[in-house]
Amino acid sequence: MALGSLIWSFICYKMGEPIFSIEAHVFQIDPDTKKNWISSSSQAVSVSFYHDSNRQIYRIISIEGSKILINCTIIPSMIFIKTSKKFGQWSDAIANTIYGVGFSEEQSLDKFTEAFNNMKAAASRITQEGNEVNERSGSLAVNEKILPQDDLHITKHFNQVSLFLSFRQNYFDLFDYKLRPGPPSF
């Protein structure tokens, strides 16, 4: 069995079937220049959205052969930007990169954008539910630990600082790269 098949088998075993999949050309911003796009795929490949119910996260994953092209956790502060009729991009602060996806038709980009926004909204709901105070016990569940009510203000402050730093990074990434044109038309 080829390595690529083993990787897909492992992903399907851990996360089940994808929620949404679409064919696209995958790109990453050049890490040195932060200006040019580097093609990650040699052809259109499957780009899939998954929900990891054990970790309560949504992911975008794309693999070509044995090479992982995209392995991105969707967070509520992410923004997908259509930069042309057939190309869009988003910043992944965790991987410290910007991904781009190119499609053969506008409708495919629209479907991807809708799926991205739906997964982001779902990730936001999970985050909000995870940060809600349990009124009966007077505690807050954070990273599977129960914190007493006295520690609640510290946890809320930490979450606000983390959210601000994440937002700030995505904000700067967004405006730093927003006007960059996509790769040549497909």
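Residues numbered from 1 in each chain as written. Predicted model: local features only at pLDDT ≥ 70, side-chain atom pairs only at ≥ 80, totals over all residues. Heavy atoms only, no water.

1. A look at the overall build of the chain
Short version of the rule: A run of DSSP states H or I qualifies as a helix once it reaches four residues; a run of E qualifies as a strand once it reaches two. Both are numbered from the N-terminal end. Note on exposure labels: buried denotes an accessible area under 20% of the residue type's maximum, exposed denotes more than 50%, and partly exposed covers the range between, all computed with a 1.4 Å probe on protein chains only. We call two residues contacting when some pair of their heavy atoms lies within 4.5 Å. Per-residue and other accessible areas were derived by the Shrake-Rupley procedure at a 1.4 Å probe size, with only the shown protein chains allowed to occlude residues.
A count of helices and strands for the chain gives three helices and eleven strands. Start at the N end of the chain and walk to the C end: the helices and strands fall as α-β-β-β-β-β-β-β-β-α-β-β-β-α. When burial is assessed residue by residue, the chain has 40% of its 186 residues classed as buried. Within the chain, contacts between residues separated by at least 24 positions form 51% of all contacts whose residues are at least 6 apart in sequence. Here the chain displays about 11100 Å² of accessible surface, and carbon together with sulfur accounts for 53% of that area.

2. A word on the pattern of salt bridges
For clarity, the threshold we go by: A pairing counts as a salt bridge when a side-chain nitrogen of Lys or Arg comes within 4 Å of a carboxyl oxygen of Asp or Glu.
Taken as a whole and assessed by the stated rule, the structure comprises one salt bridge. Note that K82 is salt-bridged to D110, the shortest N-O span being 2.6 Å. Taken together, the residues span a long stretch of sequence, with K82 in strand β6 (residues 81–82) and D110 in helix α2 (residues 106–131) at a distance of 28 residues.

3. A short note on the pairing of strand β1 (residues 20–29)
The test is simple: Two strands pair under a simple rule: DSSP has to find at least two bridges between them.
Bridge count between β1 and strand β3 (residues 45–52): five bridges; the pairing is antiparallel. Looking at β3, one finds that E23 is bridged to S46. Here β1 pairs with strand β8 (residues 97–102) via four bridges, running antiparallel. By the bridge assignment for β8, F27 is matched with G100.

4. So, the side chain of R59
Worth spelling out the cut-off: Charge counting follows a simple rule: Lys and Arg are positive, Asp and Glu are negative, and His as well as the terminal groups are ignored.
Turning to its location among the elements, R59 is positioned in strand β4 (residues 57–64). Salt bridges are absent for the buried R59, whose nearest opposite-charge side chain, D52, sits at 6.3 Å.

5. Details of the packing of aromatic side chains
How two aromatic rings sit relative to each other is given by the distance of their centres and the angle of their planes. Inclusion rule: Only rings of Phe, Tyr and Trp enter the pairing, Trp through its six-membered ring, and a pair is recorded when the two centres are within 6.5 Å. The plane angle decides the type: under 30 degrees is stacked, over 60 is edge-to-face, the rest tilted.
Scanning the model with the defined rule gives twelve aromatic pairs in all. Considering the side-chain rings of W90 and Y99, the 5.3 Å spacing of their centres and the 35 degrees angle between planes classify their relative orientation as tilted. Both residues of the pair, W90 and Y99, belong to the buried class. Joined through ring pairs, the aromatic side chains of F20, F49, F80, W90, Y99, F103, F112 and F116 make up one cluster.

6. What to know about the side chain of D52
Among the structural elements, D52 can be located in strand β3. Buried within the structure, D52 lacks any salt-bridge partner; R55 is the closest side chain of opposite charge, at an N-O distance of 4.4 Å.

7. Side note on the pairing of strand β7 (residues 87–92)
In terms of burial, β7 is a largely internal element, six of the six residues being buried. Judged from the two bridges that link them, β6 and β7 form a sheet pairing that is antiparallel. Looking at the pairing, K82 lines up with G88 of β7. Counted along the chain from β6 to the antiparallel partner β7, the turn is four residues long. Sheet topology places β7 next to β8; six bridges connect them, and they run antiparallel. If you follow Q89 over to β8, its bridge partner there is G100. In sequence, β7 turns back onto β8 through a hairpin of four residues, with N96 there showing a positive phi of about 55 degrees.

8. So, unusual backbone geometry
Of note, Q56 is a non-glycine position whose phi angle comes to about 55 degrees, a positive value. Relative to the assigned elements, Q56 resides in the loop between β3 and β4. Classification of Q56 as partly exposed rests on a relative accessible area of 39%. Non-glycine residue N96 carries a positive phi angle of around 55 degrees. The topology assignment puts N96 in the loop between β7 and β8.

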